[in-house]
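# Architecture at a glance
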Amino acid sequence: MVNLGTVFDLLEDKRRRYALYYLDQRDGPVAISELVERIDEWEDEPTPTDPSADAFEDIAIELTHTHLPRAAEVDFVQYDREQGTVQIQGAPPKFDTFMNIARLIEEPEE
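In this report, the structure presented in the accompanying data block is examined. One numbering rule holds for all chains: residues counted from 1, following each sequence as written. Side-chain atom pairs in this predicted model are given and counted only at pLDDT of 80 or more, local residue features only at pLDDT of at least 70, and totals for whole chains, interfaces and linings cover all residues. Side-chain numbers come from the whole structure's heavy atoms, not from hydrogens or water.

## Observations concerning helix α2 (residues 14–25)
Side chains that are three or four residues apart share a direction in an α-helix, a result of its 3.6 residues per turn. Selection rule: Starting at the N terminus, helices and strands are each numbered in turn, a helix being any DSSP run of H or I of at least four residues and a strand any DSSP run of E of at least two. Helix span, expected: 1.5 Å multiplied by one less than the number of residues in the helix. Partly exposed describes any residue whose relative accessible area lies between the buried limit of under 20% and the exposed limit of over 50%, with all areas from a 1.4 Å probe on protein chains only and scaled to the type maximum.
The terminal C-alpha atoms of α2, which comprises 12 residues, lie 17 Å apart, in line with the 16 Å expected from a rise of 1.5 Å per residue. Along α2, the residues classified as buried are Arg15, Arg16, Arg17, Tyr18, Ala19, Leu20, Tyr21, Tyr22 and Leu23.

And the structure:
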């Protein structure tokens, strides 16, 4: 069972929230590169004409070394570092509720 403190910890960081928003929309494992690309798009201010390789790399490093291992501390987030994939599976309703509210408030671009 996930307590509220854990839910708020997971949703505390913007990049981790963005990762969770995207993963929640997908069925099955998502490649880290796909996840990084989406977060990079959501973070960029009005449509960039020249995507920054540095920003992409920074996001990838932060996700793989900080946010995904932290998120994987809960049972419903599976992060496979060797395969380079992550997924949400079987998230409890309490988590889904708070994540959906956060996403509605934050409204990352689709």
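## Some remarks on the pairing of strand β3 (residues 85–88)
As a reminder of what qualifies: At least two DSSP bridges between two strands are needed for those strands to be called paired.
Where strand β1 (residues 30–31) and β3 come together, two bridges link them in antiparallel fashion. What sits directly across from Ala31, in β3, is Thr85. Two strands pair when backbone bridges link them, and strand β2 (residues 77–80) and β3 are joined in this way by four bridges, in the antiparallel orientation. Counted as the bridge partner of Val77 is Ile88 from β3. Counted along the chain from β2 to the antiparallel partner β3, the turn is four residues long, and its residue Gly84 has a positive phi close to 70 degrees.

## Section: the sheet that holds β1
Note the threshold: Pairs of residues are marked as contacts when any of their non-hydrogen atoms sit within 4.5 Å. Interaxial angle, 0 to 180 degrees, is taken between N-to-C directions of lines fitted to C-alpha atoms, where a helix line uses only the stretch in contact.
Strand order in the open sheet formed by three strands is β1-β3-β2, with antiparallel pairing between adjacent strands. Each edge of the open sheet carries a strand with a single partner, namely β1 and β2. Most of the contacts of α2 go to β3, to which it runs at about 75 degrees, and overall it touches β1, β2 and β3.

## Topic: the nonpolar core
Test applied: Grouping buried Ala, Val, Leu, Ile, Met, Phe, Trp, Tyr and Cys residues that are joined through side-chain atoms within 4.5 Å yields what is termed a nonpolar core.
The biggest cluster of nonpolar side chains holds 30 residues, and the ones touching the most others in it are Leu20, Leu35, Leu63, Phe76, Val77, Val86 and Phe95. Those elements that place two or more of their residues in this core are α1 (4–10), α2, α3 (32–43), α4 (53–71), β2, β3 and α5 (93–106). Here the element with the most residues in this core is α2; it accounts for six residues. What Leu35 contacts, discounting residues up to four positions off in sequence, is Ala19, Tyr22, Leu23, Val30, Leu63, Leu68 and Val86.

## Some points on the packing of aromatic side chains
Filter applied, for reference: Pairs were defined over the aromatic rings of Phe, Tyr and Trp, the Trp ring being its six-membered one, requiring ring centres within 6.5 Å. Orientation was assigned from the angle between planes: stacked under 30 degrees, edge-to-face over 60, tilted for the rest.
A complete count under the given rule lists five aromatic pairs for this structure. Relative to Phe95, the ring of Phe76 lies with its centre 4.7 Å away and its plane at 50 degrees, an arrangement referred to as tilted. Linking Phe76 in the loop between α4 and β2 with Phe95 in helix α5, this pair joins segments that are 19 residues apart in sequence. Through a chain of ring-to-ring contacts, three or more aromatic side chains come together here, namely Tyr18, Tyr21, Tyr22 and Trp42.

## A look at the environment of Gln83
Summarising the element assignment, Gln83 is placed in the loop between β2 and β3. When the C-alpha atoms of Gln83 and Ile32 are compared, they prove to be 9.1 Å apart, with 51 residues separating the residues in sequence.

## Let's talk about the pattern of salt bridges
The line we're drawing: For this document, the term salt bridge refers to a Lys or Arg side-chain nitrogen within 4 Å of an Asp or Glu carboxyl oxygen.
On inspection of all chains with the given rule, the structure shows six salt bridges. A salt bridge links Asp9 to Arg70; the nearest nitrogen and oxygen atoms lie 3.6 Å apart. In this pair, Asp9 sits in helix α1 while Arg70 sits in helix α4, placing the two residues 61 residues apart along the sequence. The partly exposed category is assigned to Asp9, whose relative accessible area is 36%. Glu62 is the partner of Arg15 in a salt bridge, and the nearest nitrogen-oxygen pair spans 2.9 Å. In this pair, Arg15 sits in helix α2 while Glu62 sits in helix α4, placing the two residues 47 residues apart along the sequence. Classification of Glu62 as partly exposed rests on a relative accessible area of 28%. Each of the salt bridges in this network shares a partner with another, and the network as a whole consists of Asp9, Arg70 and Glu73.

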